[in-house]
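Remarks on the overall topology
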Amino acid sequence: MTTLGAVFRPQLPPERLRSLARLADDSGLDELWLWEDCFYEGGISTAAAALAWTERIRVGVGLLPVPLRNVALTAMEIASLERMFPGRSTVAVGHGVQDWMGQVGARVESPLTLLREHLTALRALLAGETLTVKGRYVTLDDVTLDWPPATPVKVLAGATGPRTLRLTGEVADGTVLTSGTTADDLRRAGTLIGEGRRAAGRGDDHRTVVYLLAATGPDAADRIHAELSAEGRADRPEQAVAGDAATVADAVRRLADAGADAVILQSTGDEPDPEGFIRFVAQDVRPLID
């Protein structure tokens with residue numbers, strides 16, 4: 001069954017997270033996702049706080065930009081979350097926005113090579129292995145986590161382009177797709193992910209998480225159009241949904257039918273009522289897709 005979630009967008013100040021996370025938890029929402037967008041809020045710090053403030057909701061981080069992070073630190077933080085809050089966190093890594101990586105002096109010549117090295121080492125460290133690696137970007141000398149997760153942890157990766165999608169199928173445990181993903185895009189992505197999985201001989205589960213830009217209320221269509229226009233996507237209205245619960249649920253079902261294991265509704269950056277959006281997703285949309 002496809003799970004349904006919502007994003008706490010980092011355009012909201014960090015001090016808003018506590019009340020919104022508790023509301024998401026209390027309202028029965030399946031998942032709450034956080035972003036580590038530059039230069040808003042840290043992904044692991046906000047995830048740890050959200051997990052501590054809630055009782056049952058799953059908290060996702062989509063995604064941690066690997067150019068910003070040493071792989072040993074990423075592994076330590078994911079392992080700590082999993083041991084403190086078993087089975088309640090999902091973390092994805094990815095290239096990061098290249099312009100942002102350039103702003104902080106972290107842009108690399110081959111983002112694909114870095115992501116491959118980071119993912120491979122990260123999964124091995126979380127599995128309790130001792131690593132000595134000297135790659136193009138990742139270097140480890142006899143590194144072992146003292147507190148690896150007590151149970152296996154799945155590491156997801158964000159992807160858009162064909163080569164990265166194949167890479168996620170090959171070396172990640174799941175893929176996170178942006179809100180620009182239509183049902184047809186998702187099917188094409190699934191084919192590429194499958195190619196990577198077959199090349200690596202993988203037969204385990206691979207989770208596909210898709211963001212969906214959504215809005216409801218009297219000005220929903222205008223807000224969606226404004227956000228798509230600001231991102232240069234005004235000619236792709238099918239990449240978002242505006243309307244009542246039935247309309248949004250139909251859009252969620254289309255993505256589910258195309259292969260999404262989780263659909264995470266992403267409000268517009270100027271959402272006037274973040275609490276109302278959480279209630280709308282949990283109480284109005286979710287019952288229509290069960």
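Report on the accompanying structure. Just so we're clear, the structure is a prediction, and the values are computed from it rather than from any experiment.

1. Some remarks on helix H1 (residues 17-26)
Along H1, the residues classified as buried are Leu-17, Leu-20, Ala-21, Leu-23, Ala-24 and Asp-25. Structurally, H1 contributes buried residues whose contacts are with strand E1 (3-8), strand E2 (31-34), helix H2 (43-53) and helix H10 (274-289).

2. What to know about the environment of Val-97
Mapped onto the fold, Val-97 is located in the loop between strand E4 (89-94) and helix H4 (98-103). Taking C-alpha positions, Val-97 is 30 Å from Pro-86, a pair spaced 11 residues apart along the chain.

3. Here's the deal with the pattern of salt bridges
Under the criterion given, the structure shown has 23 salt bridges. In this structure, the salt-bridge partner of Glu-170 is Arg-116, at a minimum N-O distance of 2.9 Å. In this pair, Glu-170 is assigned in helix H6 (residues 162-171) and Arg-116 in helix H5 (residues 111-126), connecting sequence segments 54 residues apart. For Arg-236, the salt bridge goes to Glu-238, with nearest N and O atoms at 2.3 Å.

4. Focus: the nonpolar core
Counting 78 residues, the largest nonpolar core has Leu-126 and Leu-265 as its most contacted members. Of the residues forming this core, the biggest block, 8 residues, is contributed by H5.

5. Examining the packing of H6 against helix H7 (residues 183-200)
The geometry of a pair of packed helices is captured by two quantities: the angle between their axes and the separation between those axes. Orientation of H6 relative to H7, taken along the N-to-C sense of each, is 50°, at an axis distance of 6 Å. The angle between H6 and H7 falls in the class oblique. For H6 against H7, the interelement crossing comes out right-handed. Packed against H6, whose contacting residues are Pro-162, Leu-165, Arg-166, Thr-168, Gly-169 and Glu-170, the element H7 presents Ala-189, Leu-192, Ile-193, Glu-195, Gly-196, Arg-197 and Ala-200 at the interface. A class-by-class count of the residues in the contact of H6 with H7 yields 6 nonpolar, 3 polar and 4 charged.

6. Concerning the pairing of strand E6 (residues 139-143)
Across 3 bridges, the pairing between strand E5 (residues 131-134) and E6 is antiparallel. Bridging across to E6, Val-133 finds its partner in Leu-140. Connecting E5 to the antiparallel partner E6 that follows it, the hairpin turn spans 4 residues.

7. Some remarks on unusual backbone geometry
In this structure, the amide linkage connecting Cys-38 to the following residue, Phe-39, adopts the cis form with an omega of 0°. With respect to the helices and strands, Phe-39 occurs in the loop between E2 and H2. Going from Gly-62 to Leu-63, the amide bond is cis rather than trans, its omega being 15°. Tracing the backbone through its elements, the reader meets Leu-63 in strand E3 (residues 58-65). Phi at Asp-142 takes a positive value of approximately 55°, unusual for a residue other than glycine. Here Asp-142 lies in strand E6. On the accessibility criterion, Asp-142 (57% relative accessible area) is exposed.

8. Quick word on H5
Look at H5: 22 Å from first C-alpha to last across 16 residues, which is about the 22 Å you get at 1.5 Å a residue. Of all the residues in H5, the buried ones are Leu-114, Leu-115, Glu-117, His-118, Leu-119, Ala-121, Leu-122, Ala-124, Leu-125 and Leu-126. In the core, the buried residues of H5 are packed alongside helix H3 (71-84), E4, E5, E6, strand E7 (155-158) and H6. Backbone geometry just downstream of H5 places Gly-128 in the positive-phi region, at approximately 90°.

Reading the values: the criteria
Residues numbered from 1 in each chain as written. Predicted model: local features only at pLDDT ≥ 70, side-chain atom pairs only at ≥ 80, totals over all residues. Heavy atoms only, no water. Buried < 20%, exposed > 50% of the residue type's maximum accessible area, 1.4 Å probe, protein only. Helix = DSSP H or I, 4+ residues; strand = E, 2+ residues; numbered from the N terminus. Contact = heavy atoms within 4.5 Å. Salt bridge = Lys/Arg side-chain N within 4 Å of Asp/Glu carboxyl O. Core = buried A, V, L, I, M, F, W, Y, C linked by side-chain atoms within 4.5 Å. Axes fitted to C-alpha atoms, helices over the stretch in contact; angles between N-to-C directions. Parallel < 35°, antiparallel > 145°, perpendicular 65-115°, else oblique. Left-handed = near helix turned anticlockwise from the far one by under 90°. Nonpolar A, V, L, I, M, F, W, Y, C, P; charged D, E, K, R; others polar. Pairing = 2+ DSSP bridges. Expected span 1.5 Å × (residues − 1).

Purely geometric stuff here, so don't read any function into it on its own.
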